[in-house]
Amino acid sequence: MKFSRIQGGIVSFILMIFLLGIGCKESNDIPGGETGEYIDHWKSSMDTSLVHIKDEYDAVFLENIAFAIEAEQYEGLNEISFKVLAKNETSEVEPFTVTYSKDYVESSEFFDRELEQLTFPVFGLFDNHQNSVFVTTNFANGRSWEKSITIETAEYPNTENENLTVYSSLKNTTVNYLLLETDFGAMIMDVEGNIRWAASEFVENPSKSAIFKNNAFFCKKGTKPFDELLKLGFDGSQSTIAFDFGDYPGVGFHHEMDMGKEGFFLEAHIKDGKAFHKRGSVLVEVDEDGKVLETWDLDEIIGKCIAESGGNITDFVRNATNNPKAEDWFHMNSSYYDKRDNSVLISSRENFVIKVGYDDKEIKWILGDQSKYWYSIDTLKHYALDLTEGNINIGQHALSILDNGELLMFNNGNNSSVSYFPKDKLGLEYQNSKVSGYIISNEQKTARESFNIELPFACPNRGCVQKSKNSFIVTSLPVQPEFNSLIGIYDEDGKLISEIKNTGYFCVRTEGFSNELTY
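Keep in mind the model is a prediction, meaning the values are calculated, not measured.

(A) Quick look at the overall build of the protein chain. Regarding its fold elements, the protein chain presents five helices and 35 strands. Looking at the protein chain as a whole, 54% of its 519 residues are labelled buried. The long-range share in the protein chain, meaning contacts at least 24 apart out of those at least 6 apart in sequence, stands at 56%. As displayed, the protein chain has an accessible area near 23,000 Å², and 46% of this comes from carbon and sulfur atoms.

Have a look at this one:
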């Protein structure tokens, strides 16, 4: 039986209406053409096979979606955005929202002109869930298309959500999302304990340390070689950044990555083959292209200071050049660029916090427990700040400068563990760890503890504190058998308002993460 053109058109029209009805659960399509002649250009509402376009990693927290758009209308595109809605009605977490500009769409080649199809990644999804995602496309003529779609996800095997205990009151904090540094690499988690993205979906054996900059994660590679970093996008796109450290025979990164003046601060071991040449005492700044911008060698900076006064360098500083083997005498674990005076703050777990010039690399001051060995060395004592009030920093981690100028840190409270330091000069210890903020007076050479959170446990290793808007985010690895790591969110008065206890994996560092990204 043959159909006429009119009959065929009627059948096609009825079929299109039927498919539109069974496509996405909710839709609110607004014509995009100048005269409103285009009714629905969402291909995902007519071809459900294009709603879920799996990426090469088969990632849980990421889906690529596609829709049809005519080339003429694409020329008028301003931006496209998606919003991952709350998991349930009781959730207080803000939606995760991403906006792609026309320039980014162009540079990423999201639009296929031959197929007249726009494909883009949606991420920040909940695992093992029917995700409600709201997509909006805005045009230069003021019109927009909107669509609600459902994306079903599988379970993420490393989530360990059943091992999280969340005590949360979000009414007093603006923190909704967290960037975690964990055993499984970088993760994004909302403050209700839901993992929303994980580096381990795209990278085998990622290291804990990571920095998020320009909408990409920069992380250390968990395996050799040591002279490389990885740049990783939310969509799994990645590139390797190689460095040339010149005279140094080999470099091994450790502890944190921090934002420097122009690039990233990397705390480094200097290695000669498998052996340490200098251990945990060199700070390197590199840019996103792998260029080494600056180096601060604390063996040289402090060794020079001791030598100028006629002291014996090896009494304090020991590396493979002046000793049979390199000792972990400094144990660098944090660094921070202070733009106020173009200087660098560096934390030595075994000794103190030291400030040195960014350019001249001269010591500006030292803040630390004066009952430790370093204070008995006259040339170092000369730079010491005297504490006028509060608790001194001991075995500290996670340095930062607050907007009011205070020096913030996680104050672990553990004394020195260097084997060759005199036993009577290993310093004080605190029963429990603290969060401490200090006001520094360069003129008077004093420090005052101006802010303090007393934690109810001891955390001898690691630990982190970050200020995020009106909240302090504290990460600790307490010495107790109940859980591996603890994330606490405190208000500006130091009152605990949210807590996430984790028995599934170690989280060593946490900071606030924006729920609104723009590309």
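(B) Quick look at the pairing of strand E6 (residues 117-123). E6 sits mainly inside the fold: six of its seven residues count as buried. Both strand E2 (residues 62-68) and E6 contribute to a ladder of seven bridges, which runs antiparallel. Among the inter-strand pairings, Leu62 is bridged to a residue of E6, identified as Phe123. Connecting the antiparallel pair strand E5 (residues 111-112) and E6 is a turn made up of four residues, with Glu116 showing a positive phi of about 50°.

(C) Spotlight on the confidence of the model for the protein chain. For the protein chain, per-residue confidence averages 85 on the pLDDT scale, and 85% of positions sit at 70 or higher. Segment residues 1-51: pLDDT under 50, and 80 contacts once partners within four positions in sequence are set aside and those in other chains are kept.

(D) Region of interest: the nonpolar core. By size, the foremost hydrophobic cluster in this structure holds 63 residues, and its most contacted members are Phe82, Tyr100, Leu118, Phe120 and Phe123. Leaving out residues up to four positions away in the same chain, Tyr100 has contacts with Glu79, Ile80, Phe82, Val105, Phe110, Phe120, Pro121, Phe123 and Tyr519. Core analysis: the second largest hydrophobic core is formed by 32 residues, Phe265, Cys305, Phe316 and Trp374 among them.

(E) Region of interest: the sheet that holds strand E21 (residues 332-338). In spatial order, the strands read E21-E22-E23-E24; together these four strands make up an open sheet with antiparallel pairing. Either end of the sheet is taken by a strand with one partner, and the two such strands are E21 and strand E24 (363-367). Here the strands of the sheet are splayed against their neighbours by 20° on average, with no regard to which way each runs. One ladder, built from four bridges, connects strand E23 (residues 353-357) with E24; its direction is antiparallel. Bridged to Lys355 within E24 is Trp365.

(F) Quick look at the environment of Ser468. On the secondary structure map, Ser468 appears in strand E30 (residues 464-468). Ser468 gets classed as buried once you look at its relative accessible area, which sits at 16%. On a C-alpha basis, the gap between Ser468 and Gly512 in space is 5.7 Å, while along the polypeptide they are 44 residues apart. With near-sequence residues (within four places) excluded, Ser468 lies in contact with Thr174, Val175, Ile473 and Gly512.

(G) Just the sheet that holds strand E34 (residues 507-513), in detail. Read across the sheet, four strands follow the order E12-E11-E10-E34 without closing on themselves; strand pairing throughout is antiparallel. Of all strands in the sheet, those bounded by a partner on one side alone are strand E12 (195-198) and E34. Ignoring which end each strand starts from, the neighbouring axes of this sheet average 25° apart. Note that strand E10 (residues 177-182) and E34 share six bridges and pair antiparallel.

(H) Here's a closer look at unusual backbone geometry. Although it is not a glycine, Asn128 adopts a positive phi angle of roughly 50°. Summarising the element assignment, Asn128 is placed in the loop between E6 and strand E7 (130-139). By relative accessible area, which is 52% here, Asn128 ends up exposed. Here the phi dihedral of Lys469 falls at roughly 55°; this positive angle occurs in a residue that is not glycine. Relative to the assigned elements, Lys469 resides in the loop between E30 and strand E31 (471-476).

(I) Local environment of the pairing of strand E28 (residues 434-441). Where burial is concerned, most of E28 is hidden: six out of the eight residues are buried. Looking at chain direction, strand E27 (residues 407-411) and E28 are connected through five bridges and run antiparallel. Bridged to Leu408 within E28 is Gly437. Of the strand pairs in this sheet, E28 and strand E29 (residues 446-454) are connected by eight bridges, and their pairing is antiparallel. Looking across to E29, one finds that Ile439 is bridged to Arg448.

(J) Local environment of the pattern of salt bridges. One pass over the structure, following the stated rule, counts 20 salt bridges. With its nearest N and O atoms 2.5 Å apart, the salt bridge here joins Glu350 to Arg349. When sorted by exposure, Glu350 lands in the same class as Arg349, which is buried. Lys425 is the salt-bridge partner of Asp424, the closest N and O atoms lying 3.9 Å from each other. By relative accessible area, which is 62% here, Asp424 ends up exposed. Each of the salt bridges in this network shares a partner with another, and the network as a whole consists of Glu181, Glu256, Asp258 and Arg509.

(K) Region of the structure containing the packing of aromatic side chains. Summed over all chains, the structure comprises 40 aromatic pairs. With centroids separated by 5.7 Å and ring planes inclined at 65°, the aromatic side chains of Phe212 and Phe234 adopt a geometry described as edge-to-face. Residue Phe212 is located in strand E13 (residues 206-213), and its partner Phe234 is located in the loop between strand E15 (228-232) and strand E16 (238-242); the two are separated by 22 residues in the primary sequence. An angle of 5° between the planes, with centres 6.4 Å apart, marks the rings of Phe217 and Phe513 as stacked. Separated by 296 residues along the polypeptide, Phe217 in strand E14 (residues 216-221) and Phe513 in strand E34 bring together distant segments of the chain. Like Phe513, Phe217 is buried. A cation over an aromatic ring shows up here: Lys102 above the ring of Tyr74, its NZ or CZ 4.7 Å from the ring centre. Above the plane of the ring of Phe276 lies Arg279, whose end atom (NZ or CZ) is 4.7 Å from the centre.

(L) How the structure looks around the state of the cysteines. Applying the stated criterion across every chain yields a total of zero disulfides. Cys464 provides the cysteine sulfur closest to Cys507, a residue in no disulfide bond, and the two sulfurs are 8.5 Å apart. Cys507 sits in the buried class, given a relative accessible area of 1%.

About the thresholds
Residues numbered from 1 in each chain as written. Predicted model: local features only at pLDDT ≥ 70, side-chain atom pairs only at ≥ 80, totals over all residues. Heavy atoms only, no water. Helix = DSSP H or I, 4+ residues; strand = E, 2+ residues; numbered from the N terminus. Buried < 20%, exposed > 50% of the residue type's maximum accessible area, 1.4 Å probe, protein only. Contact = heavy atoms within 4.5 Å. Areas by Shrake-Rupley, 256 points an atom, 1.4 Å probe, with all protein chains shown as cover. Pairing = 2+ DSSP bridges. pLDDT = per-residue confidence, 0-100. Core = buried A, V, L, I, M, F, W, Y, C linked by side-chain atoms within 4.5 Å. Axes fitted to C-alpha atoms, helices over the stretch in contact; angles between N-to-C directions. Salt bridge = Lys/Arg side-chain N within 4 Å of Asp/Glu carboxyl O. Phe/Tyr/Trp six-rings, centres within 6.5 Å; stacked < 30°, edge-to-face > 60°. Lys NZ or Arg CZ within 6 Å of the ring centre and 35° of its normal. Disulfide = S-S within 2.5 Å.

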